[in-house]
Amino acid sequence: MLEIRDEGAVRVLTLAREKALNAFNGALFDALVEGLLQAQADDNVAVVVITGKGRAFTAGADLTEMGQKTAPPKHGFAGAVDLLINYQKPVIAAVNGIAIGVGGTICGLVDIVYVAESARMRCPFTALGINPEAGSSLTFPQMMGPQRAAWFLYAADTLSARDCVEQGMALEVLDDEGFIDAVLTRAAKLAAQAPAALRETKELLWAPRREALRAAVAAENVALTRTIGSAENREAIAAFMEKRTPDFASLRQQG
Amino acid sequence: MLEIRDEGAVRVLTLAREKALNAFNGALFDALVEGLLQAQADDNVAVVVITGKGRAFTAGADLTEMGQKTAPPKHGFAGAVDLLINYQKPVIAAVNGIAIGVGGTICGLVDIVYVAESARMRCPFTALGINPEAGSSLTFPQMMGPQRAAWFLYAADTLSARDCVEQGMALEVLDDEGFIDAVLTRAAKLAAQAPAALRETKELLWAPRREALRAAVAAENVALTRTIGSAENREAIAAFMEKRTPDFASLRQQG
Amino acid sequence: MLEIRDEGAVRVLTLAREKALNAFNGALFDALVEGLLQAQADDNVAVVVITGKGRAFTAGADLTEMGQKTAPPKHGFAGAVDLLINYQKPVIAAVNGIAIGVGGTICGLVDIVYVAESARMRCPFTALGINPEAGSSLTFPQMMGPQRAAWFLYAADTLSARDCVEQGMALEVLDDEGFIDAVLTRAAKLAAQAPAALRETKELLWAPRREALRAAVAAENVALTRTIGSAENREAIAAFMEKRTPDFASLRQQG
């Protein structure tokens, strides 16, 4: 589910639910959190890379497991968001393919994002009748500027790899061929610096943003209690199942 | 004075004082506020577009009506700024031509700005001996970055349409020919999303910025009580009337 | 040590310790602070330009004077940072050559930065086992965006003049030939505007950032009490003296 390996002082965490395009269920969130905690506690790890196995980075939340009677996860989505906001070592996202929903919003919770040439990113909250999560309502404007973030989130638009870099969502586009090796070369450059100094620098960069980021996550979660299961959300899901365009206009007439 | 029409779920508000290059007097601010309030209350409206009639977006505050004995406006400039800061639906500015003063600063109070190829923008506060308004002292650095905002405001410089996009003031340059139709195509993409989700997303994007934005407007207004009518401001206006370069240096010697 | 001259209403302060590549010792910080205070108090000065004499802007803190028994400076580094955060007139940094450490971080404390074609910038805090200073942990993300700032500070990377502009660290690259004249032409455009209006505009641009900037400087200083003289910092300095790569990994094993 989560593959773990080291390249020198770089810990690589690979989302590995290939058949589900690495979609996150509660168990994968838990595995990621445990992997991150281990990396944080390990003095031999200076930098963490998160990537996906196969053709996708992650397809986002696993909708097929929604509503199933499963034990609640130990950490889950909320635990992963909280840990990344407070994380003590540099984290790199290596976005190797499609990145949907949390595959996009996680980019605002790490330090640096690299995108493979074939990567595509989409956060289709408004198309699903719900709202942004994982602090993206704050981190996207900080990374992309307010107008590009507004367009990306309002229009539920898709970004190419080049769009991601031009709009501040990622630092660099790298070839698909040899993508993870190119990311690891860059991670190694960070890992060669003094590790305690790296941690002090990370803390200084994140401390000024942390309070507002927590407030944004809290506000997003309150909004999600209104939007998840709303008439719009139900219509979006029904339309998806029935392979038709959602009819939000009719809801508006009734509203 | 303000033309109002709908294209699907997009409400278009057109500033229409063509002889005055759509300059704002109190009555036009009031009409804009009333138009925005109606659009906000109308369930059939998902997105609002503000544009200008004819060759100009707006020439800014109408100086020719200054000092005239007219009844104070109901909402005025302050009411328009306050409403935009608190507005509940996505707003697009379609900057179709010259945008002076509030024609520039309003861009920081909407979600997305499109500029026509021939548009030109200028906020000549320092040239007039006054200071930024409408929260632009905060929104311009957020959109443009601190150095570009400092140059734009300090130097009273003019931005071309391409400058606006390259510097973060606008999202896209569109051809003059068919400009408003191209904007409406983009607005329709937003309006096709779930409307309550759009409103939740807008609120999440603006809530973290609102307190600081109100404080910036308040500080700007305090500064304006010092700068409007100051020796520098009077010299700038006299020089403009006499078609000469203002002589701020002499004031400095006296100061 | 600090050369002072006026070009119209522009005060030019030139760091002039050419043999030391204009590295800052306590005396140079004091001279800069005194020069800035005089410029602030002088009604004939509208804009201040800081530049370096010869081939360097500044090589950063003068390590050769560290540990020497000298009288503590009157203002020093902390006084210079504090004054720039509170400064009342537009300040331009004209980065004419290499800019190391404070040569980079000072760019976050001025209004506008111009870089000569041959300029190179580096803030090698993590390479030295220490951490960012002068508010750069806050100003660099604001100027460069969070990911580029993270890479620049984590990797201790070197920016070319073009990198500086593309990444938001500077406004424009100018030819080496005639560099300072080109900067002065731009400074003169600011100095031609109404001087009190310029000061009001500067205050409005800086007031919203000042509290967070002071907090960032304070947090950086606390971190420096941990990192300066740390095992990593001592290893970095020893490696530099012995012209070898620092061995941070061994420290990690012991840690």
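Residues numbered from 1 in each chain as written. Chains lettered and ligands numbered in written order. Predicted model: local features only at pLDDT ≥ 70, side-chain atom pairs only at ≥ 80, totals over all residues.

Student: Just checking my understanding: could you explain the overall build of chain A for this structure?
Tutor: Counting its regular elements, chain A contains 10 helices and 10 strands. Principal-axis analysis of the C-alpha atoms places the extent of chain A at approximately 60 × 40 × 40 Å. The buried share among the 255 residues of chain A stands at 57%. Restricting the contact set of chain A to residue pairs at least 6 apart, pairs at least 24 apart contribute 73%. (Helix = DSSP H or I, 4+ residues; strand = E, 2+ residues; numbered from the N terminus. Buried ≥ 20, exposed ≤ 12 C-beta atoms within 10 Å, placed from the backbone. Contact = placed C-beta atoms within 7 Å.)

Student: Help me out: how do you make sense of helix α4 (residues 136–144) of chain B in this one?
Tutor: Working note: α-helix, 3.6 residues per turn, so residues spaced by three or four point in the same direction. Taken across its 9 residues, α4 of chain B has 9 buried, putting it largely inside the fold. The set of residues buried in α4 of chain B consists of Ser 136, Ser 137, Leu 138, Thr 139, Phe 140, Pro 141, Gln 142, Met 143 and Met 144 of chain B. Packing partners of the buried residues in α4 of chain B comprise α5 (146–155) of chain A, α3 (102–105), α5 (146–155) and α8 (195–227) of chain B together with α8 (195–227) of chain C. Positioned one or two residues after α4 of chain B, Gly 145 of chain B has a phi angle of 85°, which is positive.

Student: Would you explain the interface of chain C and chain A in this entry?
Tutor: One frequent convention defines the size of an interface as the accessible area lost when the parts assemble. The interface is formed by 34 residues belonging to chain C together with 24 residues belonging to chain A. For the side of chain C that touches chain A, the elements supplying multiple residues, two or more each, are α4 (136–144), α5 (146–155), α8, α9 (231–241) and α10 (248–254) of chain C. Taken together, the residues of the side of chain C that touches chain A break down into 20 nonpolar, 9 polar and 5 charged. (Nonpolar A, V, L, I, M, F, W, Y, C, P; charged D, E, K, R; others polar.)

Student: How do you make sense of the sheet that holds strand β2 (residues 10–15) of chain A when you look at a structure like this?
Tutor: Picture the strands of a sheet paired through backbone hydrogen bonds; they go either parallel or antiparallel. Residue and element names in this part refer to chain A. Read across the open sheet, the 6 strands follow the order β1-β2-β3-β5-β7-β10; overall the sheet is mixed. Single-partner strands in this sheet number two, and they are β1 (2–7) and β10 (172–174). The mean inter-strand angle of the sheet, taken between neighbouring strand axes irrespective of direction, is 25°. Direction of pairing for strand β5 (residues 91–95) relative to strand β7 (residues 112–116): parallel, over a ladder of 4 bridges. Across the sheet, residue Ala 93 finds its bridge partner in β7, namely Val 113. Of the strands in this sheet, β1, β2 and β3 (47–52) touch helix α1 (residues 26–41), which is tilted by about 20° from β1. (Pairing = 2+ DSSP bridges. Axes fitted to C-alpha atoms, helices over the stretch in contact; angles between N-to-C directions.)

Student: Whenever I open this one, the pairing of strand β2 (residues 10–15) of chain B confuses me. Can you help?
Tutor: Regular strands place side chains that alternate from one sheet face to the opposite one. Residue and element names in this part refer to chain B. Among the 6 residues of β2, 6 are classified as buried, and the element is accordingly described as predominantly covered. Burial along β2 is two-sided: the residues Val 10, Val 12 and Thr 14 and Arg 11, Leu 13 and Leu 15 are all buried. Pairing between strand β1 (residues 2–7) and β2: 6 bridges, direction antiparallel. Residue Glu 7 lies in a different strand from β2, and its bridge partner there is Val 10. Counting the residues in the hairpin turn of β1 and β2 gives 2 residues, including Gly 8, whose phi is positive at 60°.

Student: I tried to follow unusual backbone geometry on my own but got confused; where do I start?
Tutor: Comment: phi is negative for the bulk of residues other than glycine, and the bulk of peptide bonds are trans. One non-glycine residue, Ala 156 of chain B, lies in the positive phi region at around 55°. Not every positive phi belongs to a glycine, and Ala 134 of chain C is a case in point at roughly 60°. Mapped onto the elements of the fold, Ala 134 of chain C is located in the loop between β8 (120–122) and α4.

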